[in-house]
Structures are given as structure tokens and as C-alpha cells.
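A closer look at the structure
Okay, here's what each chain looks like letter by letter:
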Amino acid sequence: MDVIVPNAGVSNFRGSVDWETERRVVDVNVRGFTALANYAFSYFENKKEGHIVGVSSIAGMFGYGLSATYNASKAYVSNYLQGYRQRANHADANITITEIQPGFVESEMTEGKKGMFWVADTPKAVQQIANAIKREKNHAYITKRWRLVAWAIKLIPNWILNKI
Ligand SMILES: NC(=O)c1ccc[n+]([C@@H]2O[C@H](COP(=O)([O-])OP(=O)(O)OC[C@H]3O[C@@H](n4cnc5c(N)ncnc54)[C@H](OP(=O)(O)O)[C@@H]3O)[C@@H](O)[C@H]2O)c1
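Below is a short write-up of the structure. (Residues numbered from 1 in each chain as written. Predicted model: local features only at pLDDT ≥ 70, side-chain atom pairs only at ≥ 80, totals over all residues.)

**Examining the environment of Lys 114**
Assignment of secondary structure puts Lys 114 in the loop between strand S4 (104-105) and strand S5 (119-120). For the pair Lys 114 and Arg 14, spaced 100 residues apart in sequence, the C-alpha separation works out to 9.8 Å. (Helix = DSSP H or I, 4+ residues; strand = E, 2+ residues; numbered from the N terminus.)

Below you can see the structure in the form of C-alpha cells.
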């Protein structure tokens, strides 16, 4: 293997906060992600080279009442990838860590969901993700225009975020 992509993810967008739902989000998005990313890093350290591609989300940049667990799980993915990029820079191996950070993309996860904007169609999102992987980028917003939303979110003070 040259590239490993821990991509699996589930959401609780519809506001379910029962323990079973929250546990499933943590099991897949945090435990599942970590299990594969951890394995991938060791594998590539032994192989002396490789590429790990994780999928976070713009949702990971802030807390949100209707999907608190999902947003928190994606913040975990972002921070984990940054930490492992640092580890890769100190490792005796050439390991690239790419963070794919989508806004909204047409998929089963977003099907029928209301209140979305700038929803990327799947082929366009796939093409931009593939380009980021080929170019071994550290980070890519999907689609690129979501960089603007990320920039705006960073400027919003907590007292406003707390009222959403
Ligand atoms: N769509 C968006 O707007 C959006 C935005 C930001 C981030 N993301 C992230 O992008 C990634 C892909 O999501 P998607 O939009 O393509 O959603 P999706 O169509 O619902 O796909 C989810 C994927 O996760 C896999 N999966 C779920 N539970 C699993 C489990 N217990 N074990 C193994 N695999 C499991 C599914 O596999 P099966 O098909 O076999 O069930 C499927 O391949 C996720 O990490 C998601 O958080 C999506």
C-alpha cells in the first residue's frame, strides 16, 4: 500500500443525542479513524514511506447543538492529523499526511438534509480530493471556496457561536 485513506464517518445531523447514537459517532469517527490511522503510520514507518489521507470537516471548526458529537469528532480528526504530521516530520521515513476538509458534499450522509449551501456534486469533490492526494498537499478544502467560510468562522467570537 502507498496511500491509506481512513474515510469512514457517520453523523448525528438530525439532532439525536441519545447515548447509542453518540457512541456510534465516536466509535466510527474517532475510534475507527484512530485504529486505521495508527496502523497506517506504523506500516509506513516500517516501509519508510507512505501517505495518510484523513477526512475532517468544516463542521470540526465549531460546536453545533444539532450535531455536537459529529463536530467534536471532526475536530479530533483535524488535530490528530496535525499531530501526526509533526511526528512524520521527525520520523525516519517519508510520510505525507493530508487533511481533506469538506464543507457540504452530495452523498448519502447529506441526502435530504436541510439548510445546506455550496453543496458540491460528488464528481467535483472527488476530482479536488484526488488532486490534493496526487499533489501530496498538507490540507485541502473541498470545494476550494470553503476556504472563505473557514476564514469567516475563525473570526466569529464565541459569544456569537454560543447563541447559534
Ligand atoms: N458529505 C459531506 O458533506 C461531508 C462533509 C464533511 C465531511 N464529510 C466526511 O466525509 C467522509 C465520507 O462521508 P460521505 O459524505 O461519503 O458519507 P456516506 O456516503 O454516508 O459514506 C460514509 C462511509 O463511511 C462508511 N462507514 C460508516 N460506518 C462504518 C463502519 N462502522 N465501518 C466501516 N465503514 C463505515 C460507509 O461504508 P458503507 O457504505 O459500507 O456503510 C461509507 O463508505 C466522512 O468521514 C464524513 O464525515 C462529509
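Structure's up, so let's keep going.
**A look at the site of the ligand**
Near the ligand you find 15 residues, and of these Ala 8, Gly 9, Ser 57, Ser 107 and Met 109 are the closest. Going through the elements one at a time, helix H1 (19-47) and S4 are the ones with two or more residues in the shell around the ligand. Across the shell around the ligand, the residue classes break down as eight nonpolar, six polar and one charged. (Near = placed C-beta within 6 Å. Nonpolar A, V, L, I, M, F, W, Y, C, P; charged D, E, K, R; others polar.)

**Let's talk about the nonpolar core**
If you look at the biggest cluster of nonpolar residues, it comprises 24 residues, and the most contacted ones within it are Ala 37, Phe 41, Ile 52, Ile 95, Ile 100 and Ile 142. Within the residue set of this core, elements represented by two or more residues are H1, strand S2 (49-55), helix H2 (68-90), strand S3 (94-102), S4, helix H3 (122-134) and strand S6 (139-142). With five residues, the top contributor of residues to this core is H1. Beyond its immediate stretch of four places on either side in the chain, Ile 52 contacts Ile 4, Ala 37, Ala 40, Phe 41, Ile 95 and Ile 97. (Core = buried A, V, L, I, M, F, W, Y, C linked by C-beta atoms within 7 Å. Buried ≥ 20, exposed ≤ 12 C-beta atoms within 10 Å, placed from the backbone. Contact = placed C-beta atoms within 7 Å.)

**Considering the sheet that holds S2**
Pairing is parallel in the open sheet, where four strands are placed in the order S1-S2-S3-S6. Of all the strands in the sheet, just strand S1 (3-4) and S6 have a single pairing partner and so form its edges. Two elements, S3 and S6, share four bridges in a ladder whose sense is parallel. If you follow Ile 100 over to S6, its bridge partner there is Ala 140. (Pairing = 2+ DSSP bridges.)

**Considering the pairing of S3**
Within S3, seven of the nine residues are buried, which leaves it mostly tucked inside the rest of the structure. The pairing of S2 with S3 spans seven bridges and is classified as parallel. When the sheet's bridge partners are listed, His 51 is paired in S3 with Thr 96. In this view, the connection linking S2 to its parallel neighbour S3 by way of H2 has right-handed handedness. (Right-handed = clockwise from strand over helix to strand, strands pointing away.)

**Overview of H2**
Between the first and last C-alpha of H2 there are 34 Å, a value that for 23 residues agrees with the 33 Å anticipated at 1.5 Å per step. Within H2, burial applies to Thr 69, Tyr 70, Asn 71, Ser 73, Lys 74, Val 77, Tyr 80, Leu 81 and Ala 88. Considering only its buried residues, H2 is in contact with H1, S2 and S3. (Expected span 1.5 Å × (residues − 1).)

**Considering the packing of H1 against H2**
Running from amino to carboxyl end, H1 crosses H2 at an angle of 15 degrees, the nearest separation of the two axes being 9 Å. With respect to each other, H1 and H2 are oriented roughly parallel. As H1 runs across H2, the sense of the crossing is right-handed. Residues Glu 22, Val 25, Val 26, Asn 29, Val 30, Phe 33, Thr 34, Ala 37 and Phe 41 of H1 lie in contact with H2, whose contacting residues are Thr 69, Tyr 70, Ser 73, Tyr 76, Val 77, Tyr 80 and Tyr 84. (Axes fitted to C-alpha atoms, helices over the stretch in contact; angles between N-to-C directions. Parallel < 35°, antiparallel > 145°, perpendicular 65-115°, else oblique. Left-handed = near helix turned anticlockwise from the far one by under 90°.)

**A look at the environment of Ala 125**
Tracing the backbone through its elements, the reader meets Ala 125 in helix H3. A sequence separation of 19 residues divides Ala 125 from Glu 106, and the C-alpha atoms of the two residues are 8.7 Å apart.

**Remarks on unusual backbone geometry**
Note that the residue after Ile 142, namely Thr 143, is joined by a cis bond; omega there is -10 degrees. Mapped onto the secondary structure, Thr 143 falls in the loop between S6 and helix H4 (146-155). Backbone geometry places Lys 48, a non-glycine residue, at a positive phi of 75 degrees. The topology assignment puts Lys 48 in the loop between H1 and S2. With 11 C-beta atoms counted inside 10 Å, the residue Lys 48 sits in the exposed group. Not every positive phi belongs to a glycine, and Trp 118 is a case in point at roughly 50 degrees. Here Trp 118 lies in the loop between S4 and S5. Residue Trp 118 is classed as partly exposed on the basis of its 13 C-beta neighbours within 10 Å.

Geometric values such as these leave the question of function open.
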